[in-house]
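The primary structure of each chain is shown beneath.
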Amino acid sequence: MLRTHTCGELTLNNIQQTVTLSGWIQKIRHLGGMIFIDLRDRYGITQLAFNHEERPEICEKAEKLGREWVISVTGIVIERYSKNKNIPTGDIEIEVHELEILNEAEVPPFTIEDESDGGDELRMKYRYLDIRRNPVKNNLVFRHKLGLEIRKYLSNNGFLEIETPFLVNSTPEGARDFLVPSRMNPGEFYALPQSPQTLKQLLMIAGCDRYFQIVRCFRDEDLRADRQPEFTQIDCEMSFIEQEDILNLFEGLVQHIFKTFKNLEIGKLERLSWNDAMKYYGSDKPDVRFDMRFVELNDVLQHKDFKVFNEAELIVGIKAEGCGNYSRKQIDNITDFVKSPRVGAAGMVYILCNQDGSFKSSVDKFYSQDDLRKVAEKCEAKPGDMILILSGKKSTTRKQMCELRLEMGNRLELRKAGEYKALWIVDFPLLEWDEETQRFYAMHHPFTAPKPEHESWLESRPGDVLANAYDLVINGSEIGGGSIRIHRPELQKQMFKALNFSEEQAQNQFGFLINAFKFGAPPHGGIAFGFDRLCAVLCDSDSIRDFIAFPKNNAGRDTMLPAPTPIDNKQLEELNIKLNLQTENGK
Ligand code: ASP
């Protein structure tokens, strides 16, 4: 080995020991007749001391060294004069007797420090240098430990980790597939799995009983902020269980994770129906670290002279505690926010609850003090609070209010880092109507079971059918989702019918599963968690990229490799693929 110790472990206990360390040069300082070098490896930093008077030839060699060079040194551990209390090795340094240069290095394009001067693009292009930085490296260490703990928990609960293939069949029903041409079968394609959904169901039919896999999934979607075309799921499936069993078992996992990594007892998880989530938070992934629930105000604000409200399908308010003294400017600023293209509201109504019990609002012309008092009572607003009101079409107003609620949560610093609120969203609708294509889509996926008591509505009132489906939400992020599956072929057929699939289409796309159901499928269900996002939420980060060693940018590119790239004609010929790309000038 090219070292006896790592750069993170030597302390006063090792004084006078002869040691060999290897690593990268973080920093070089000249001080009188001495050269000090901070040597870094994955485990930490150790100070090296070169004494010119005592060992001039080594010092001369050290003069040549530069940042990020790779060296190996042998020397004696001695106590340091000026100690560094911030690092575990800060009490000692190595008096260097031998120096070997293992590799030279060019000056890195950005500083390898906790706070780097490199921008995002540059750091991604040289991600291997970025990973040398503590914040990124620590994230990868965290991810490893979290994965290990999850594997342990699931194994202890009888789950088998089973790998499923990456080259599978295309199922156009979900997101867009990434396709892989098959050279041996000209004109035919594999697809990369969007998730192992159908395969894990087949494993239940195979009798595996409890399956999990920490697995890469691929979705060719237009990249929204903080999405990756490939991401990792903790994918799970169980047989002979009901929804309650799954919620309990995975609640246990979530509690275990918080206890292990945050030393927090998060207790029993709150459950909220999808309907209530939409009604009170305008979102199926509410951040419930703070209250500020929506209050519907149609009954108190309609049938007066204010046309905007009279014509609205929904009038909804939130109470901003302690904001009753907001200035005109502050309110204008919030109004600008709701009118911004991102939120898209036409306007906002406010009511300030004055300390003397009176009210001042932007609609004083239309409403008496008594009217406003009724609103305040409904919102449980006290003197010193402010009520913000939006109105319009139900679904859009809820979306807009959701944005406003989160924005106010940010402004009032109610979304605190280090505070965690996890909850289950349950009772999702089974189907979702799409205006554009005039058909129903599965809200979760086509294998999700309706609630047994709603099965008979599949044909008569499909829009009202609720599903045995659930999501896990932490701090406003969707961390996981799953469902009890359909396991009877008849019901699966009915579901495809509700989704407007002809028998033939269903057979073509999912025949393998429908047929497997004929051979004794056990009742089963499961869940999948977004592993990258779980890491990010637990570390109070907004970005899953921080937890992926080699992520792609917003255009789906890996700028380091780089990928994607054009392919050689010869390779294309082998695959029997002819490109038909139009260049910009139409040639
Ligand atoms: N396969 C589903 C998904 O990727 C999760 C599940 O239902 O288990 O969303």
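Right above here is the structure, for reference.
Heads up: these notes are all about the structure in this document. What you see is a predicted model, and the numbers here were worked out from it, not measured in a lab.

About the thresholds
Residues numbered from 1 in each chain as written. Predicted model: local features only at pLDDT ≥ 70, side-chain atom pairs only at ≥ 80, totals over all residues. Heavy atoms only, no water. Helix = DSSP H or I, 4+ residues; strand = E, 2+ residues; numbered from the N terminus. Buried < 20%, exposed > 50% of the residue type's maximum accessible area, 1.4 Å probe, protein only. Contact = heavy atoms within 4.5 Å. Expected span 1.5 Å × (residues − 1). Bend = angle between axes of the 7 residues up to and from the residue. Core = buried A, V, L, I, M, F, W, Y, C linked by side-chain atoms within 4.5 Å. Salt bridge = Lys/Arg side-chain N within 4 Å of Asp/Glu carboxyl O. Pairing = 2+ DSSP bridges.

## Examining the overall build of the protein
Along its length, the protein carries 17 helices and 22 strands. In terms of overall dimensions, the protein has a C-alpha envelope of 95 × 75 × 60 Å along the principal axes. Counting the 587 residues in the protein, one finds 48% classified as buried. For the protein, contacts bridging at least 24 residues in sequence account for 65% of all contacts bridging at least 6.

## Side note on helix 15 (residues 503–517)
Its 15 residues give helix 15 an end-to-end C-alpha distance of only 15 Å, which falls more than 12% under 21 Å, the value for a rise of 1.5 Å per residue. The principal kink in helix 15, of about 95 degrees, is found at phenylalanine 510. Taken together, the buried positions of helix 15 are occupied by Ala506, Gln509, Phe510, Gly511, Leu513, Ile514, Ala516 and Phe517.

## Remarks on the environment of proline 551
Its location among the elements puts proline 551 in the loop between helix 16 (531–538) and helix 17 (569–574). Taking C-alpha positions, proline 551 is 23 Å from valine 168, a pair spaced 383 residues apart along the chain. Residues in contact with proline 551, not counting those within four places in the same chain, are Met124, Arg127, Gln228 and Arg545.

## Structural notes on the nonpolar core
Formed by 76 residues in total, the largest nonpolar core has its most connected members in Leu146, Ile150, Leu154, Ile234, Phe250, Trp424 and Leu534. Looking at this core, the element that brings in the most residues is helix 6 (residues 243–262), giving eight residues. Each residue touching leucine 154, except ones within four places of it in the same chain, is listed here: Phe159, Phe212, Ile234, Cys236 and Phe250. Listed in part, the 25 residues of the second largest apolar core include Met292, Ile331, Leu352 and Leu404.

## Quick look at the pattern of salt bridges
Using the criterion set out here, one finds 43 salt bridges in the structure. Glutamate 54 is paired through a salt bridge with arginine 55; the nearest N and O atoms lie 3.8 Å apart. The closest approach of N and O atoms between lysine 200 and aspartate 235, which form a salt bridge, is 2.7 Å. In this pair, lysine 200 is assigned in helix 5 (residues 197–205) and aspartate 235 in strand 10 (residues 230–239), connecting sequence segments 35 residues apart.

## Describing the pairing of strand 16 (residues 386–392)
Most of strand 16 is tucked away, with six of its seven residues classed as buried. Relative to strand 16, strand 14 (residues 349–353) runs antiparallel, the two sharing four bridges. When the bridges of strand 16 are listed, leucine 352 appears paired with methionine 386.

Read these as spatial facts, not as claims about activity.
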